[in-house]
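Tertiary structure, described
Okay, here's what each chain looks like letter by letter:
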Amino acid sequence: MILDKIDQLLKEVSQLSAKNADDIEQLRLKYLSKKGEINAVMADFRNVAADQKKAVGIKINELKKAAQDKINSLREQVASADTGDNHEDLTRTPYPIALGTRHPLTIVKNQIIDIFQRMGFTLYHGPEIDDDKHVFTMLNFAADHPARDMQDTFFISQDKSDVTKNVLLRSHTSGDEAHYMETHEPPIRVLCPGRVYRNEAISARAHCFFHQVEGLYVDKGVSFTDLKQVLLTFAREMFGPDTKIRLRPSYFPFTEPSAEMDISCNICGGKGCNFCKHTGWVEILGCGMVDPHDLAACGIDPDVYTGYAFGMGVERITNLKYCVNDLRLFSENDKRFLEEFQSAF
């Protein structure tokens with residue numbers, strides 16, 4: 001009985017055919033897999049009489065070898081058929097395709113995100129097209145603030161009856177923090193990277209779009225000391241362990257008190273050079289304690305919670321790290337400039 005089954009399988013194997021690799025895999029599974037036909041025959045081998053085991057064993061080995069040889073042969077036939085078509089793709093470039101690299105802004109943005117994520121900040125991406133309510137109103141911008149003028153901000157549509165419904169390209173990622181506070185309860189520790197837009201003349205020092213990373217921490221008992229320590233840690237991770245920082249009083253509508261943060265010039269080590277205008281310091285970001293108005297506007301009790309916020313331009317940090325003297329280089333797609341960063345990540 002088992003010999004008849006083996007002969008039948010030998011006949012089947014000898015007549016196998018396949019059109020492609022998928023067909024071959026199906027044949028392999030049918031005959032050579034653990035649940036295949038040949039394994040089923042081998043499982044029946046234990047029931048063969050002792051005086052017939054030698055003859056049956058030889059036939060099973062013959063069957064197994066025949067199946068393996070046939071499937072290997074089919075593989076070779078399909079492979080040769082696949083490479084037999086020697087038509088060239090005339091639309092392909094005659095030159096080798098060069099290996100690309102990450103954009104310098106992406107390299108630096110990822111470094112910034114990595115540093116703050118290691119300090120417990122989570123990532124949040126808000127909308128690039130937003131409303132006045134989240135970009136300005138909830139962040140304590142006065143009704144006559146210059147940022148609300150067409151000369152400073154790109155407005156998509158305006159509602160004369162209710163300015164909070166004006167639609168615009170966000171001018172900073174601080175609006176992302178308003179979105180997050182509105183939908184999450186403290187404690188909040190969030191980082192908001194993204195592209196922002198301002199109606200400015202394009203030059204070596206300014207552009208109509210650029211990139212920001214903003215951070216927010218809201219909890220009970222958060223102090224300015226916490227903010228300073230976080231920013232000192234960031235500066236030393238980004239620019240080196242010997243970096244010093246200083247905080248200068250400043251003004252932002254959404255923080256009080258507010259400060260600008262400088263780092264010791266990483267070009268001259270704080271001694272003074274053309275890059276830092278011989279002051280030994282370079283400004284890199286703005287920061288401060290979250291204004292109680294903002295917390296209340298987002299549904300957070302300012303009598304219970306405090307927080308700090310900070311924001312930096314990615315282009316600014318990239319300029320400092322790689323000494324790029326023209327902001328336009330980041331968006332002109334000049335391969336000569338971009339190829340300088342092939343080993344920077």
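Just so it is clear, the structure is predicted and the values come from calculations on it, not from any experiment.

**Considerations on the overall build of the chain**
Helix and strand counts for the chain stand at 11 helices and 10 strands. For the chain, the C-alpha radius of gyration of 34 Å lies well beyond 20 Å, the compact-globule estimate for 345 residues. Each principal axis of the C-alpha distribution contributes one length, and for the chain these read about 100 × 55 × 50 Å. Each of the 345 residues in the chain was classed as buried or not, and the buried ones make up 40%. Across the chain, the fraction of contacts at a sequence separation of at least 24, relative to all contacts at a separation of at least 6, is 67%. Surface accessibility of the chain: about 19,900 Å² in total, with carbon and sulfur atoms responsible for 50%. If the 41 positive side-chain charges of the chain are averaged to one point and the 50 negative ones to another, these points end up 8 Å apart.

**Observations regarding the packing of helix α5 (residues 104-117) against helix α8 (residues 224-239)**
Running from N to C, α5 and α8 point in directions that differ by 135°, and their axes come no closer than 10 Å. With respect to α8, the axis of α5 lies oblique. For the crossing formed where α5 meets α8, the hand is right-handed. Contacts between α5 and α8 involve Val 108, Gln 111, Ile 112, Ile 115 and Phe 116 from the first element and Val 230, Phe 234, Glu 237 and Met 238 from the second. Of the residues contributing to the contact of α5 with α8, the split by class is seven nonpolar, one polar and one charged.

**A few points about the domain arrangement of the chain**
Split into domains, the chain comes out as domain 1 (2-82) and domain 2 (104-340). Distance between the C-alpha centres of domain 1 and domain 2: 68 Å.

**Re the side chain of Asp 219**
Among the secondary structure elements, Asp 219 is positioned in strand β6 (residues 209-219). Here Asp 219 sits buried without a salt bridge, and the closest side chain of opposite charge, Arg 189, lies 6.2 Å off (N-O distance). Ignoring any residue separated from it by four or fewer positions in sequence, one finds Asp 219 in contact with Pro 187, Tyr 305 and Thr 306.

**Topic: unusual backbone geometry**
Note the cis peptide between Pro 186 and Pro 187, where omega equals 5°. For Pro 187, the position within the fold is in the loop between α7 (174-183) and β5 (188-197). Looking along the chain, the bond that leaves Glu 256 and enters Pro 257 is cis, with omega of 0°. Within the secondary structure layout, Pro 257 lies in strand β8 (residues 255-264). Positive phi outside glycine occurs at His 278, with the angle close to 65°. Assignment of secondary structure puts His 278 in the loop between β8 and β9 (281-290). Overall, the relative accessible area of 55% leaves His 278 in the exposed class. With a phi close to 60°, Asn 333 is a non-glycine residue in the positive phi region.

**Points about the environment of Ala 204**
The topology assignment puts Ala 204 in the loop between β5 and β6. Judged by its relative accessible area of 28%, Ala 204 falls in the partly exposed class. Separated by 22 residues in sequence, Ala 204 and Glu 182 have C-alpha atoms that sit 37 Å apart.

**A word on the side chain of Thr 255**
Positionally, Thr 255 belongs in strand β8. Its relative accessible area of 3% is what places Thr 255 among the buried residues. Polar contacts involving the side chain of Thr 255 include one to the side chain of Ser 258, which spans 2.5 Å.

**A few points about helix α1 (residues 2-14)**
For α1, which comprises 13 residues, the first-to-last C-alpha distance of 18 Å matches the rise-based estimate of 18 Å (1.5 Å per residue) to within 8%. Of the positions making up α1, those classed as buried are Ile 2, Ile 6, Leu 9, Leu 10 and Val 13. With its buried residues spanning 105° around the axis, α1 presents them on a single face. For α1, the exposed residues set more than 90 degrees away from the buried face come down to Asp 4 and Lys 11.

Conventions adopted
Residues numbered from 1 in each chain as written. Predicted model: local features only at pLDDT ≥ 70, side-chain atom pairs only at ≥ 80, totals over all residues. Heavy atoms only, no water. Helix = DSSP H or I, 4+ residues; strand = E, 2+ residues; numbered from the N terminus. Rg over C-alpha atoms; globule rule 2.2 N^0.38 Å. Buried < 20%, exposed > 50% of the residue type's maximum accessible area, 1.4 Å probe, protein only. Contact = heavy atoms within 4.5 Å. Areas by Shrake-Rupley, 256 points an atom, 1.4 Å probe, with all protein chains shown as cover. Lys, Arg positive; Asp, Glu negative; His and termini not counted. Charge placed at Lys NZ, Arg CZ, Asp CG, Glu CD. Axes fitted to C-alpha atoms, helices over the stretch in contact; angles between N-to-C directions. Parallel < 35°, antiparallel > 145°, perpendicular 65-115°, else oblique. Left-handed = near helix turned anticlockwise from the far one by under 90°. Nonpolar A, V, L, I, M, F, W, Y, C, P; charged D, E, K, R; others polar. Domains from an automatic or database assignment. Salt bridge = Lys/Arg side-chain N within 4 Å of Asp/Glu carboxyl O. Polar contact = N/O pair within 3.5 Å; in protein donor to acceptor, adjacent residues only side chain to side chain. Expected span 1.5 Å × (residues − 1). Arc of directions from axis to C-beta.

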